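Inside the fold
Below, each chain spelled out in residue letters.
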Amino acid sequence: MIRPDAPVLLEIRDLHARVEAKEILKGVNLTIRAGEVHAVMGRNGSGKSTLSKVLAGHPAYTVTGGTVHYRGENLLELDPEQRARIGVFLGFQYPVEIPGVSNLEFLRVATNARRAQKGEEELDTFAFEDLVRDRLKVVQMDPAFLDRSVNEGFSGGEKKRNEILQMALLDPLVAILDETDSGLDIDALRIVAGGVNQLATPDNATLLITHYQRLLDAITPDYVHVMAAGRILRTGGKELALELEERGYDWVDQELAALAGEVA
Amino acid sequence: MSNAQAVGDLVSQPYKYGFVTDIETEKIAKGLSEDVVRLISSKKDEPSFLLDFRLRAYRQWLQMEEPDWARLGYPPIDYQDIIYYAAPKQQDKKASLDEVDPKLLETFDKLGIPLSEQKRLSNVAVDAVFDSVSIATTYKEKLAEHGVIFCSISEAVKEHPELIERYLGTVVPTQDNYFAALNSAVFSDGSFVFIPKGVECPMELSTYFRINSGDTGQFERTLIVAEEGASVSYLEGCTAPMFDTNQLHAAVVELVALDDASIKYSTVQNWYAGDENGVGGIYNFVTKRGQCRGDRSKISWTQVETGSSITWKYPSCVLQGADSVGEFYSVALTNNCQQADTGTKMIHVGPRSRSTIVSKGISAGRSANSYRGLVQIGPKAVGAKNYSQCDSMLIGDQAAANTYPYIRSQQPQAAVEHEASTCRISEDQLFYLQSRGIGFEEAVSMMVSGFCRDVFNQLPMEFAAEADKLLALKLEGSVG
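What comes next concerns the included structure. The structure presented is a predicted model; accordingly, all values stated were derived computationally and were not measured.

This part covers the sheet that holds strand β3 (residues 37–42) of chain A. Residues and elements named next belong to chain A. Taken in spatial order, the six strands line up as β6-β9-β10-β3-β11-β12 in an open sheet, and their pairing is mixed. At either margin of the open sheet sits one strand with a lone partner, and together these are β6 (88–91) and β12 (231–236). This sheet shows a mean twist of 20° between the axes of neighbouring strands, independent of strand direction. Note: β6 against strand β9 (residues 174–178), four bridges, orientation parallel. Its bridge partner lying in β9, glycine 91 is registered against leucine 177.

If you want it as structure tokens, here you go:
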């Protein structure tokens, strides 16, 4: 939902970042307002996953230039846990397994960390169980998953549902979903996308990172951005995704080459 | 600073129990000789069978050599430079707690083990041992109503000499090993537990060992006997002040379980570990063994080893009875320059005897953590079964973890399974937890306690939370 007067949640300006010695982001600009759904598309290696990790504060990535503001606050100064607590959520492409740590306990500690930040009271085990059982419905997840270790032995689809469950509990204002559709079959994709749609409100925003149109058939974006060589090359409406689907990414290369020519 | 370094730093936490109690102590002169053995025995006013036991052990010890097969390195111990007996003055056995030196009560208060009537732990009876002597035992009368004997071993020697004579040294003979022989010669105090036939001990029993003197060895001796159908759960805890010298702790624990009896023995060991450069700390050389003498008897060891500069300890089960069960659950955390060589022995003698071993080693800093275990199946142990699982977690890149499993089977119809794994807390796991709002320290401690969960679940409820806290404490500290 595009409302020009909606408050800006995330403002990325000329963002540069590298991993080890390799520069990956080379000047990303992006403004996300409340109520909007954005999709960033692009080939492997275009920098889309790096963008998501940098926004969440992964220690392996170093920001070398530019700014990111979240509701006016300098996001880049904050630790990953602080970013999560104030409402920035990253749904992982490959959620890691954490043996021995109970999923239920993990979800409770995470939820309470976010609630404390919002000035809400901490939930004890019983109150939390009620909440989590309710939220499980968003992703049609079996309560049995709560008793297992975090993501341990989960199938690809179950891991992604667990990510959306976390999103449902943490109630973020900006949710960045990194290739949430990868590895999902049609049914799982429908459930995960349904969850994301249910969680969208006029007050929050979603940034989808994806290769494929099929996720965007299920979650309609307000904006589609095409990323290449560490920058957003083009921005359009949902029809841009359809164009990509039809023409492939080859024209992106041509545009890139033309751009390089102009610069030269 | 990299995350790996930061994780390493987390593990450094000042030792909370490092204070010294200023109390007048009666000590004998340094050194060990036959006269010293006789002196200890006479100070304790012991019957002749016990003096003979000590002298036999001493003479055997003289013939033995200190073992060097463990993966431990330390300078030679000068056995003549140790005091073998130290006791707080006013050590005449107190009739009631009111007569115990308030300084001692205060010390145990500070350690979180209140002994006084009003404050003591409900449903846990405590025997408090300070240097060489037991200073108080709570709930003795209540236990006596059930026929349960719980007292210091010195007291048991006086009150129940027949039981001591019948059982002492029958599980760990005097000549069993170098440190057991030494202990048998000079042991000072410890706990004695006797659960008569058919009695389920109505409360948790616990002994708290406190070393206070800087130049004294601690040699405690614990003996637990559960008669037919009896059961008991027992826990020991230990701390010591910070000294820049090393203190020797060589204990012996013997457990006897008759038909259908069950003994659960848990340890939370937090002796002073030395400083970050490995100066000071306790040398912990301990022999613990349980004998499942009766059919269908069960002995279960659970240990959480976080302290000591050196740990040499292999709580074992001799599974003599048919269908007897042995268990060993262990968490060993080493940091800085700590060295631990610990594990278990499961000796299957009886048919269909079963054993389970779950060992979790966590190594941080420059420490070395070894699991060493023996599973032996004798020719008569038809249908015996063992399952072993040994997991190691490395924190930082300078710590070492080793696993030495020995399996010997003389019984073709036995099943022995061994699983082992090594893991490291990965940056991606930490980031995952952090990206959900969980702070760095809490994330590390969640993963470590998750790693240890199978073992913590075995601890008596009252202590499971404490063990979790202790580990978290060891992992707490400033980040960055």
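All names here are of chain B. What the rule picks out here adds up to 21 aromatic pairs over all chains. With a centroid separation of 5.3 Å and 15° between ring planes, the pair formed by tyrosine 84 and phenylalanine 219 is classed as stacked. Residue tyrosine 84 is found in the loop between α3 (48–63) and β2 (86–88), and its partner phenylalanine 219 is found in the loop between β7 (204–210) and β8 (221–226); the two are separated by 135 residues along the sequence. This pair shows no difference in class: tyrosine 84 is buried, exactly as phenylalanine 219 is. Taken together, a centroid distance of 6.4 Å and an interplanar angle of 85° make the contact between tyrosine 283 and phenylalanine 285 edge-to-face. Its relative accessible area of 9% is what places tyrosine 283 among the buried residues. Among the residues examined, phenylalanine 285 registers a relative accessible area of 1% and is labelled buried. An aromatic cluster is defined as three or more aromatic residues linked by ring pairs; in this entry it consists of Tyr58, Trp61, Trp69, Tyr74, Tyr79, Tyr178, Phe179, Tyr283, Phe285, Trp312 and Tyr314. The residue whose ring lies beneath lysine 360 is phenylalanine 451, and the NZ or CZ to ring-centre distance is 5.1 Å. The ring of tyrosine 432 has arginine 436 sitting right over it, with the charged end atom 5.1 Å from the ring centre.

On a regular strand, one side chain projects to one face of the sheet and the next to the other, so that they alternate. Residue and element names in this part refer to chain A. In this sheet, strand β2 (residues 22–33) lies alongside strand β1 (residues 8–19) in antiparallel orientation, the contact comprising nine bridges. Residue pairing in the sheet places histidine 16 in a bridge with lysine 26 of β2. Hairpin connection of β1 to β2: two residues between the antiparallel strands, including glutamate 20 at a positive phi of 50°.

Residue and element names in this part refer to chain B. Unusually for a residue other than glycine, asparagine 336 sits at a positive phi of about 50°. Notably, arginine 352 is not glycine yet its phi reads approximately 55°, a positive angle. Secondary-structure assignment places arginine 352 in the loop between β18 (339–348) and β19 (354–363). What makes arginine 352 partly exposed here is its relative accessible area of 43%.

Opposite the 33 residues of chain A that make contact, chain B presents 19 residues. Contact with chain B buries area across many residues of chain A, yet Glu81(A), Phe92(A) and Ile98(A) alone supply 22% of it, more than any other trio. At the junction of chain A and chain B, the tally comes to one salt bridge. For Arg436(B), the salt bridge identified is with Glu163(A), shortest N-O distance 2.7 Å. Of all the secondary-structure elements, those providing two or more residues to the side of chain A that touches chain B are α1 (48–56), α2 (80–85), β6, β7 (98–102), α3 (103–117), β8 (149–150) and α5 (156–170) of chain A.

A separate point is the nonpolar core. If you look at the biggest cluster of nonpolar residues, it comprises 111 residues, and the most contacted ones within it are Leu10(A), Ile12(A), Phe106(A) and Ile362(B). When residues of this core are assigned to their parent elements, the largest contribution, seven residues, is made by helix α10 (residues 440–451) of chain B. For Phe106(A), the contacting residues outside a window of four places in its chain are Val101(A), Val150(A), Gln166(A), Tyr432(B), Leu433(B), Arg436(B), Ile438(B) and Met446(B). Core analysis: the second largest hydrophobic core is formed by 50 residues, Phe19(B), Leu111(B), Tyr178(B) and Trp312(B) among them.

Calculation criteria
Residues numbered from 1 in each chain as written. Chains lettered and ligands numbered in written order. Predicted model: local features only at pLDDT ≥ 70, side-chain atom pairs only at ≥ 80, totals over all residues. Heavy atoms only, no water. Pairing = 2+ DSSP bridges. Helix = DSSP H or I, 4+ residues; strand = E, 2+ residues; numbered from the N terminus. Axes fitted to C-alpha atoms, helices over the stretch in contact; angles between N-to-C directions. Phe/Tyr/Trp six-rings, centres within 6.5 Å; stacked < 30°, edge-to-face > 60°. Buried < 20%, exposed > 50% of the residue type's maximum accessible area, 1.4 Å probe, protein only. Lys NZ or Arg CZ within 6 Å of the ring centre and 35° of its normal. Contact = heavy atoms within 4.5 Å. Buried area = accessible area lost by both parts, 1.4 Å probe. Salt bridge = Lys/Arg side-chain N within 4 Å of Asp/Glu carboxyl O. Core = buried A, V, L, I, M, F, W, Y, C linked by side-chain atoms within 4.5 Å.

In short, shape yes, function no, at least from these values alone.
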